[in-house]
Amino acid sequence: MENRYNKALLLCLDRQRSDEDPDILADELALLLANLNIKVVGRIDQKRISPDPATFLGKGKVLEARELINLLGVNIVVCNDSLLSTQLHNLRSLLGVEVWDRPFVIMKIFESRAHSAEAKLQVELAMCKYEIPLLKGLGKQMSQTGGGIGTRGPGETEFERHRRKLERKVVSLQRKLEQVRKRRCNSRKRRKRSNISTVAIVGYTNSGKSTLLRALSHDDEIYCADKLFATLDPKVRRVKLPGGKHVLFADTVGFIRKLPVELVAAFRATLEEVNEANLLLVVIDPLDKDPLESLTVVEETLKQIGAASIPRIIVVNKIDMIEKDQLQSLLERLSLPSGFEAVPVSVLKNINISTLLKRIESSLSRIDSDVKLFTDTYKLA
């Protein structure tokens, strides 16, 4: 990624009456920007019930931001929330530098991590869907009228032409991704005919999902890195359980706070691997500032994609990096529904991996029994 921007100022809204921790959100945003080689050099906070409809933060805070931009040599301002087109346009005009919001930062990281043709299509679709509502904030150039070949007459504005271009692109990308979705669907149907169970590994980004899949499958070619959204493409590997049965394990894209809805929609084909799984492994990183809140984000995302009712095992990873009393406290604070369980492991140190495989085998056996009982009961009825 070309380093046009390297010094960022954060504008952070502390929403009163909200359970969100503004410090966690700000720290996470700084980490996201660091993954784009952008350093946060300043931060402005404001407590408000809701954003200012014109400038996100109040005008006094915006003036304070303008002073800091000149003082610190800032070349990009990043808001820790979503911006409306009016807010984006007004902030760019008032501050005189580039302005991004949190969803755009996340999409820029996805864009930098997309290597396969499928991932690039998904990110491009998300970018297009994100851009369409913001076109009105691009300034006067979008209000100029013009005519010519291929336009709808002299009364058409640049905004209308660009919007139609984006909408055509969205349709084209959706058509291509539908073909990807059909191929994945056919692949899952073949798995079901083979009577092979699937276990999907999900969790917050950088919690150790890919590292876990590499350890379980003994495939050293699986790419792992200590960075956010290291991989976007789902990886499926065959793993032999202690009893001899083979199961497919699928690693999927990581979740994060305020994951843009455009990305969730664009990665529908990928996330369907989660929906169709027999069992979920939800990986937790106890080194997170608030691992339980991160777990809540994962659970909310699973609900959003329709996977809330799938049985799961909570995998507390990286236990070699915390004290025993910290681990015990975390396990006690985990509020798990009936039938759920937590397994502490260290993937890198190979601690409790065999125990995890036994728990997976036991859970899948119980799920298979429940399905058979339901099927036999249905037939009798």
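Everything quoted here is computed from the prediction, not taken from an experiment. (Residues numbered from 1 in each chain as written. Predicted model: local features only at pLDDT ≥ 70, side-chain atom pairs only at ≥ 80, totals over all residues. Heavy atoms only, no water.)

1. Comments concerning the overall build of the protein chain
- Along the backbone of the protein chain there are 12 helices and 12 strands.
- A total of 381 residues make up the protein chain; the buried ones form 48% of that total.
- In the protein chain, the proportion of contacts linking residues at least 24 apart, taken out of those at least 6 apart, comes to 71%.
- Looking at the protein chain as shown, the accessible area adds up to about 19400 Å², and 49% of this sits on carbon and sulfur atoms. (Helix = DSSP H or I, 4+ residues; strand = E, 2+ residues; numbered from the N terminus. Buried < 20%, exposed > 50% of the residue type's maximum accessible area, 1.4 Å probe, protein only. Contact = heavy atoms within 4.5 Å. Areas by Shrake-Rupley, 256 points an atom, 1.4 Å probe, with all protein chains shown as cover.)

2. Structural notes on the pattern of salt bridges
- Scanning the entire structure with this criterion turns up 17 salt bridges.
- Linked through salt bridges whose partners overlap, the residues forming this network are Glu28, Arg102, Arg257 and Glu293. (Salt bridge = Lys/Arg side-chain N within 4 Å of Asp/Glu carboxyl O.)

3. Some details on unusual backbone geometry
- Phi at histidine 218 takes a positive value of approximately 60°, unusual for a residue other than glycine.
- Mapped onto the secondary structure, histidine 218 falls in the loop between helix 7 (209–217) and strand 8 (235–240).
- In this structure, lysine 318 takes a positive phi of about 60° despite not being glycine.
- By the element assignment, lysine 318 lies in the loop between strand 11 (312–316) and helix 11 (324–333).
- Under the relative-accessibility criterion, lysine 318 is labelled buried at 17%.

4. Some details on the sheet that holds strand 11
- Reading across from one edge, 8-9-7-10-11-12 is the order of the six strands in this open sheet, with mixed pairing throughout. Strand pairing shows two members of the sheet lacking a second neighbour, strand 8 and strand 12 (341–344), which therefore form its edges. In this sheet, adjacent strand axes meet at a mean angle of 25° when their direction is disregarded. (Pairing = 2+ DSSP bridges. Axes fitted to C-alpha atoms, helices over the stretch in contact; angles between N-to-C directions.)

5. Examining the sheet that holds strand 2 (residues 39–48)
- Strand order in the open sheet formed by four strands is 2-1-3-4, and the pairing between neighbours is parallel. What marks the edges here is a single partner per strand, and that holds for strand 2 and strand 4 (98–101). The average undirected angle you get between the axes of adjacent strands in this sheet is 20°.
- Of the strands in this sheet, strand 3 (76–79) and strand 4 are in contact with helix 4 (residues 102–113), which crosses strand 4 at around 90°.

6. Here's the deal with the nonpolar core
- Of all hydrophobic cores here, the largest spans 90 residues; its most connected members are Leu11, Phe110 and Phe229.
- If you tally residues by element for this core, the top one is helix 5 (residues 117–131), at eight residues.
- Among the nonpolar cores identified, the runner-up in size contains 24 residues, and Leu216, Leu241, Val283 and Leu356 belong to it. (Core = buried A, V, L, I, M, F, W, Y, C linked by side-chain atoms within 4.5 Å.)

7. Some thoughts on the pairing of strand 10 (residues 279–284)
- Within strand 10, six of the six residues are buried, which leaves it mostly tucked inside the rest of the structure.
- Of the two faces of strand 10, both are covered, the one formed by Leu279, Leu281 and Val283 as well as the one formed by Leu280, Val282 and Ile284.
- In terms of strand pairing, strand 7 (residues 198–203) meets strand 10 through five bridges, oriented parallel. When the bridges of strand 10 are listed, alanine 200 appears paired with leucine 280.
- Taken together, the five bridges between strand 10 and strand 11 define a ladder with parallel strand orientation. Residue pairing in the sheet places isoleucine 284 in a bridge with valine 316 of strand 11.

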